[in-house]
Amino acid sequence: MTVTAPKGFRAAGVTAGIKASGKPDLALVVNDGPDRNAAAVFTSNRVAAAPVRWSRQAIADGRADAVILNSGGANACTGAEGFQNTHRTAEKTAEVLGISAGDVVVCSTGLIGEQLPMDKILPGVESAAAVLADDGGHDAAVAIMTTDTVPKEAVFTGADAQGTPYTIGGIAKGAGMLAPGLATMLVVLTTDAAAAPEFLDSALRDAARVTFDRADSDGCMSTNDTVVLLSSGASGAVPDAPDFTAGLTQVCAELACKLIGDAEGASHDIAIRAFNAASESDAEIVARAVARSNLFKTAIFGKDPNWGRVLSAVGTTDAVFDPDELNVAINGVQVCRKGGIGDDRSLVDLEPREVLVEIDLAAGEAEATILTNDLTHDYVHENSAYSS
């Protein structure tokens, strides 16, 4: 049920005919209240798609009644006509739901630089509204997929100090063009907890910072990235900030892992943990530098524990460390010790899909983990043979 697991939400996913494949391509998530509070984070890419520019305005007052999402077209770099098409989509959604267009968040994903087929999207909005259901979360998750091979969904259940239960649900799409800038991919999160917009905004930014912002598949930032959080208040639960943020972070972390696990062409899911850093920022910078090293990523694809490529990436950063104090372990084998040769690299088993790289900076007590994947022949093929 995911986004419809919390009380007060309905969702739908339909085939509007946007995709040539005939697969589902339009999703609708509706907040039936009683609260309609919301928060969102968006791409920091300066070339922002029309739906991002619309949705930034729509969410500014902390309210959102519905999210309409299409796959099969990004509506990015489409000029005034593209923005008007986003506006028309919001107006149509508002019309069929009896709400204000200014309370509709619009999300699009797919090929950049082409106008959306509005003759298909507008009837599709009507079709989605007609089949809205309180168990429609999975259908919505399927409809937002592009190069994804599986839908991504997560649910968390908690309780406030009085024992009143509440739920957080989420769906996500993304398999390529995954690199952070506040958020990466399209994500809709819902909760039936009672929470003010400021509360939601703080929790979402904290959660996104350590999850979506640390999922870095290929170093390429999208023009359409949106993560939106809707609160219905229908459970009556009023959780405190730390507990709610922890639950939200758990949902976001699960979705982020699923995004990396479905990365285009990947054969390994890689967690890069930098620890004993002088600051969390240093740890993140170091881990991200390794995650974005094509030499490192191709080595893992070739099942080669080439720790020299790890150190060379670490050395490009301005993080605090002594090169002669660096330690690196790959899947539990310390292949680099004190900046030099460690245990026999042939002891590293890279047959499993999961890979853990641990970088000891010996400079402090902070740490951070970046999630990434290897770089394969299939990734090159998929992104050269297909447009979106």
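Residues numbered from 1 in each chain as written. Predicted model: local features only at pLDDT ≥ 70, side-chain atom pairs only at ≥ 80, totals over all residues. Heavy atoms only, no water.

Focus on the side chain of Arg 214
The residue Arg 214 is located in the loop between helix H5 (197-210) and strand E9 (226-231) in this model. Its relative accessible area of 6% is what places Arg 214 among the buried residues. (Helix = DSSP H or I, 4+ residues; strand = E, 2+ residues; numbered from the N terminus. Buried < 20%, exposed > 50% of the residue type's maximum accessible area, 1.4 Å probe, protein only.)

Some words on helix H1 (residues 50-59)
Most of H1 sits out of view: seven of its 10 residues are buried. Turning to H1, its buried residues are Ala 50, Pro 51, Val 52, Trp 54, Ser 55, Ala 58 and Ile 59.

Examining the pairing of strand E2 (residues 26-31)
In terms of burial, E2 is a largely internal element, six of the six residues being buried. The side-chain alternation of E2 yields two buried faces, one formed by Leu 26, Leu 28 and Val 30 and the other by Ala 27, Val 29 and Asn 31. In this structure, strand E1 (residues 9-14) lies alongside E2, joined through six bridges in antiparallel fashion. Along E2, the bridge assignment pairs Arg 10 with Val 30. Relative to strand E4 (residues 66-71), E2 is paired through five bridges, and the arrangement is antiparallel. (Pairing = 2+ DSSP bridges.)

What to know about the environment of Tyr 166
You can see Tyr 166 is positioned in strand E7 (residues 165-173). Residue classification places Tyr 166 among the buried positions, given a relative accessible area of 1%. For the pair Tyr 166 and Ala 194, spaced 28 residues apart in sequence, the C-alpha separation works out to 9.0 Å.

A few points about helix H2 (residues 79-97)
Look at H2: 28 Å from first C-alpha to last across 19 residues, which is about the 27 Å you get at 1.5 Å a residue. Among all positions of H2, only Gly 82, Asn 85, Thr 86, Thr 89, Ala 90, Lys 92, Thr 93 and Ala 94 are buried. Contacts from the buried residues of H2 go to E2, H1, E4, strand E5 (104-109) and helix H3 (118-130). Where H2 terminates, the next one or two residues include Gly 98, which has phi positive at roughly 70 degrees. (Expected span 1.5 Å × (residues − 1). Contact = heavy atoms within 4.5 Å.)

Some words on the sheet that holds strand E14 (residues 354-360)
Across the sheet, six strands lie side by side as E13-E12-E11-E14-E10-E15; this open sheet has mixed pairing. Of all strands in the sheet, those bounded by a partner on one side alone are strand E13 (340-341) and strand E15 (366-373). On top of the sheet, helix H6 (residues 241-261) reaches strand E10 (269-277) and E15; it is set at about 40 degrees to E15, its chief contact. Across the sheet, helix H8 (residues 294-301) touches E10, E14 and E15, and the angle it forms with E10 is around 125 degrees. (Axes fitted to C-alpha atoms, helices over the stretch in contact; angles between N-to-C directions.)

A word on empty space enclosed by the protein
Take a probe with the size of a water molecule and roll it over the atoms, and the empty space left behind shows itself. A complete count under the given rule lists one cavity of 30 Å³ or more for this structure. A volume near 50 Å³ is recorded for the largest cavity. Together, 13 residues line the largest cavity, and Asn 70, Thr 89, Val 106, Ser 108 and Ile 121 are the ones closest to its centre. If you list the elements that add at least two residues to the lining of the largest cavity, you get E4, H2 and E5. Taken together, the residues of the lining of the largest cavity sort by class into seven nonpolar, six polar and no charged. (1 Å grid on protein atoms, 1.4 Å probe; cavity = no way out; pocket = protein on both sides within 12 Å on 5 of 7 lines; lining within 4 Å. Points joined across faces, edges and corners; volume = space filled by probe spheres on them. Nonpolar A, V, L, I, M, F, W, Y, C, P; charged D, E, K, R; others polar.)

Quick word on the layout of surface pockets
There is about 320 Å³ of room inside the second largest pocket. Residue lining of the second largest pocket: 14 residues in total, with Lys 19, Ser 21, Lys 23, Met 145 and Thr 146 positioned closest to the centre. Tallied by class, the residues present in the lining of the second largest pocket amount to five nonpolar, six polar and three charged.

As for the pattern of salt bridges
Taken as a whole and assessed by the stated rule, the structure comprises 23 salt bridges. One salt bridge in this structure joins Arg 209 and Glu 280, with 2.6 Å as the shortest N-O distance. Of the two residues, Arg 209 is situated in helix H5 and Glu 280 in helix H7 (residues 280-291); the sequence distance between them amounts to 71 residues. The class of Glu 280 is partly exposed, set by a relative accessible area of 31%. (Salt bridge = Lys/Arg side-chain N within 4 Å of Asp/Glu carboxyl O.)

A look at the sheet that holds E4
With respect to topology, four strands assemble into an open sheet ordered E1-E2-E4-E5, the strand pairing being mixed. Each having just a single partner strand, E1 and E5 make up the two edges of the open sheet. With strand direction ignored, the average angle separating the axes of adjacent strands in the sheet is 10 degrees. Along the sheet, H2 makes contact with E2, E4 and E5, crossing E5 at roughly 130 degrees. Contacting E1, E2 and E4, H3 runs over the sheet at an angle of about 50 degrees to E2.

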